[in-house]
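One letter stands for each residue in the lines below.
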Number of protein chains: 2
Amino acid sequence: MKHKIFIVGMGPGREDMMTRQALQALEQSDVIIGYTVYMDLLGERFAGKERMSTPMRQEEKRCRLCFQEAGKGKQVALICSGDAGIYGMASLMYEIGKEYPDTELQVIPGITAASSGAAILGAPINHDFCVISLSDLLTPWEKIEKRLAAAAEGDFAIVIYNPSSHKRKDYLKRACDILLGILEEERCCGYVENIGREGMKTQICTLKELREREVNMFTTVFIGNSGSEYIDGKLITKRGYQIERDTGICGNNRGETTV
Amino acid sequence: MKHKIFIVGMGPGREDMMTRQALQALEQSDVIIGYTVYMDLLGERFAGKERMSTPMRQEEKRCRLCFQEAGKGKQVALICSGDAGIYGMASLMYEIGKEYPDTELQVIPGITAASSGAAILGAPINHDFCVISLSDLLTPWEKIEKRLAAAAEGDFAIVIYNPSSHKRKDYLKRACDILLGILEEERCCGYVENIGREGMKTQICTLKELREREVNMFTTVFIGNSGSEYIDGKLITKRGYQIERDTGICGNNRGETTV
């Protein structure tokens, strides 16, 4: 029989924001493997399970550990924060999985920070959007700059993951400078720190203000599109029911308007 | 006391792919409002609740109904498929909410088709990606074309929502033509129909092949980035651990390679 590994997205880290499918996969597993920070968020519920971990940046080792443990006949779950298929370990597992033809992989989706952060801020990505990570550990910075510019040119709402870290303190500022070359200073933005966790903080601000803000690695940043606005302290990107602010084109050809 | 309305993302439509937070919001509600198709997916569990609906395209009316019912003192939940804040009703609710200052809104995130479809296909959006809807009911087609081109120029993985409908049979073909002006014919793509529901179908194909495929309104389409590949029948977009195929730039400056 083929071994099977669950690759589980745990969402922001609160049990009530995981799907039952994800919880059941963990319950069915003998060993849960993941980065220690996420493991700790699981709390007591899975305390009886064997747990294994590797330090940050030892992702490949962590993936190999999954296949090795599955090879011993154990049911393995690899946990990732948010969605396992969005900056998570799913793709690396499939790549390494080439060497383990007897092991089958099942990705179980979770709530990614674009969704959970958006829900806190209001509705900032309620139309076409891009998700861009500012981490240049695995991507050349020039490529990140190119993507930021393309996203702005395309009038997408933009979600920025990994806006900062100890070694990349000024990356959000650099990203804002690229965007400010294309977008107006008053563009509506917002950000959420520690989504769904203790110490959650949320802010709305203009793009110019965002450039000066200090954010950390647990922050997700949202930049509105040309039609985004603040409503009662929330950041709202319209589905297109109204006349678009910058282009003068009516986004609705059904003759409806929102009063 | 302020009234409160839950705006609930129900994910693909399977109860085990909803979060407990979403299920609890429905349990706490007196009336569940939504488009009938999604309502039917809820099944027996919430059969005891009052249910209200408006036909497709009567979204504004549906939103107003929520505020009216909440005004009567009922706890209201508005349900949307996927995530309520991604092409869902969250932004329209905030817009209409300006007229109802006594009502507070809470968005409860759900698994959007980008996440649930990706999990089925493998890991197609495991790096920076764009989400674009081909519906021009609320967006001028020229703007959609501009976004497709910007996404391709930025080397994003791309997720396409609403690729077709009865009235828009050739829209995916038109979108592929835009992309084929920038991307190579062999670009790895895939699509999933009826994600997580009965009759789920999944396909991988090249961009050139995708242009000729018939898809329906329940299909979500994925277009890989320049480094995407097929592994064992799955569509995989790398996190950047390996040398990128087209640019010759090493995406990893830590000296690691994936064996």
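Below, the structure is looked at part by part. (Residues numbered from 1 in each chain as written. Chains lettered and ligands numbered in written order. Predicted model: local features only at pLDDT ≥ 70, side-chain atom pairs only at ≥ 80, totals over all residues. Heavy atoms only, no water.)

A look at the overall build of chain A
- Counting its secondary structure elements, chain A contains 8 helices and 13 strands.
- Against the compact-globule benchmark of 18 Å for 259 residues, chain A has a radius of gyration of 20 Å, which places it among compact chains.
- In terms of principal-axis extent, the alpha carbons of chain A reach across some 65 × 40 × 35 Å.
- Per-residue burial over chain A gives 61% buried out of 259 residues.
- The long-range fraction of contacts in chain A, counting pairs at least 24 apart against all pairs at least 6 apart in sequence, stands at 67%. (Helix = DSSP H or I, 4+ residues; strand = E, 2+ residues; numbered from the N terminus. Rg over C-alpha atoms; globule rule 2.2 N^0.38 Å. Buried < 20%, exposed > 50% of the residue type's maximum accessible area, 1.4 Å probe, protein only. Contact = heavy atoms within 4.5 Å.)

Overview of the relation of the copies chain B and chain A
- Screw-axis analysis of chain B against chain A gives a translation of 0.0 Å along the axis, an RMSD of 0.0 Å, and a rotation angle of 180°. Considering both components of the superposition, the chain copies are consistent with a two-fold axis. (Least-squares fit on C-alpha atoms with pLDDT ≥ 70 in both.)

Some words on the interface of chain B and chain A
- Chain B puts 84 residues into the contact, and the matching count from chain A is 83 residues.
- Between chain B and chain A the total buried area reaches about 7,300 Å² when both faces are included, carbon and sulfur atoms providing 52% of it.
- Of all residues in chain B, the largest losses of buried area upon contact with chain A belong to Leu138(B), Arg147(B) and Arg239(B), amounting jointly to 10% of the total for that side.
- Connecting chain B to chain A are 10 salt bridges.
- The shortest N-O distance in the salt bridge between Glu15(A) and Arg20(B) comes to 3.2 Å. (Buried area = accessible area lost by both parts, 1.4 Å probe. Salt bridge = Lys/Arg side-chain N within 4 Å of Asp/Glu carboxyl O.)

Details of the nonpolar core
- In this structure, Leu134(A), Leu210(A), Ile223(A), Leu134(B), Leu210(B) and Ile223(B) are the most contacted members of the largest nonpolar core, which totals 52 residues.
- Once residues within four sequence positions are removed from consideration, Leu134(B) is found in contact with Trp141(B), Ile144(B), Leu148(B), Ile160(B), Tyr161(B), Asn162(B), Pro163(B), Arg168(B), Tyr171(B), Leu172(B) and Ala175(B).
- Within the second largest apolar cluster, 34 residues are counted, among which are Ala118(A), Val131(A), Cys188(A) and Ile195(A). (Core = buried A, V, L, I, M, F, W, Y, C linked by side-chain atoms within 4.5 Å.)

Overview of the pairing of strand β11 (residues 219-223) of chain A
Residues and elements named next belong to chain A.
- β11 sits mainly inside the fold: 5 of its 5 residues count as buried.
- Burial of the side chains of β11 extends over both faces: Thr 219, Val 221 and Ile 223 are buried on one face and Thr 220 and Phe 222 on the other.
- Here strand β8 (residues 157-161) runs beside β11; their pairing, made up of 3 bridges, is antiparallel. Paired with Val 159 across the strands is Phe 222, a residue of β11.
- Where strand β9 (residues 188-193) meets β11, 5 bridges bridge the pair, whose relative direction is antiparallel. Along β11, the bridge assignment pairs Tyr 191 with Val 221. (Pairing = 2+ DSSP bridges.)

Notes on helix α5 (residues 113-121) of chain B
- Extensive coverage of α5(B) is indicated by the burial of 8 of its 9 residues.
- Positive phi appears at Gly122(B), one or two residues downstream of α5(B), with a value of about 130°.

As for unusual backbone geometry
Residue and element names in this part refer to chain A.
- Backbone geometry at Tyr 87 places phi at a positive 60°, although glycine is not the residue there.
- Mapping Tyr 87 onto the fold places it in the loop between β4 (76-80) and α4 (90-97).
- Even without being a glycine, Asp 155 presents a positive backbone phi close to 55°.
- Relative to the elements of secondary structure, Asp 155 occurs in the loop between α6 (141-153) and β8.
- Exposure remark for Asp 155: the relative accessible area of 8% places this residue in the buried category.

Describing the side chain of Glu69(B)
Residue and element names in this part refer to chain B.
- Tracing the chain through its elements places Glu 69 in helix α3 (residues 59-71).
- A polar side-chain atom of Glu 69 sits 2.5 Å from a polar atom in the side chain of Lys 74.
- Apart from residues lying up to four places away in sequence, Glu 69 is in contact with Val 31, Ile 33, Glu 50, Met 52, Lys 74 and Val 76. (Polar contact = N/O pair within 3.5 Å; in protein donor to acceptor, adjacent residues only side chain to side chain.)

Observations regarding helix α6 (residues 141-153) of chain B
- Compared with an ideal rise of 1.5 Å per residue, which puts 13 residues at 18 Å, α6(B) spans 18 Å between its outermost C-alpha atoms and is within 8% of the ideal.
- When α6(B) is considered as a whole, its buried residues turn out to be Trp141(B), Lys143(B), Ile144(B), Arg147(B), Leu148(B), Ala150(B), Ala151(B) and Ala152(B).
- Packing partners of the buried residues in α6(B) comprise α6 of chain A together with β7 (129-133), β8 (157-161) and α7 (171-180) of chain B.
- Positive phi shows up at Asp155(B), right after α6(B), with a value of about 55°. (Expected span 1.5 Å × (residues − 1).)

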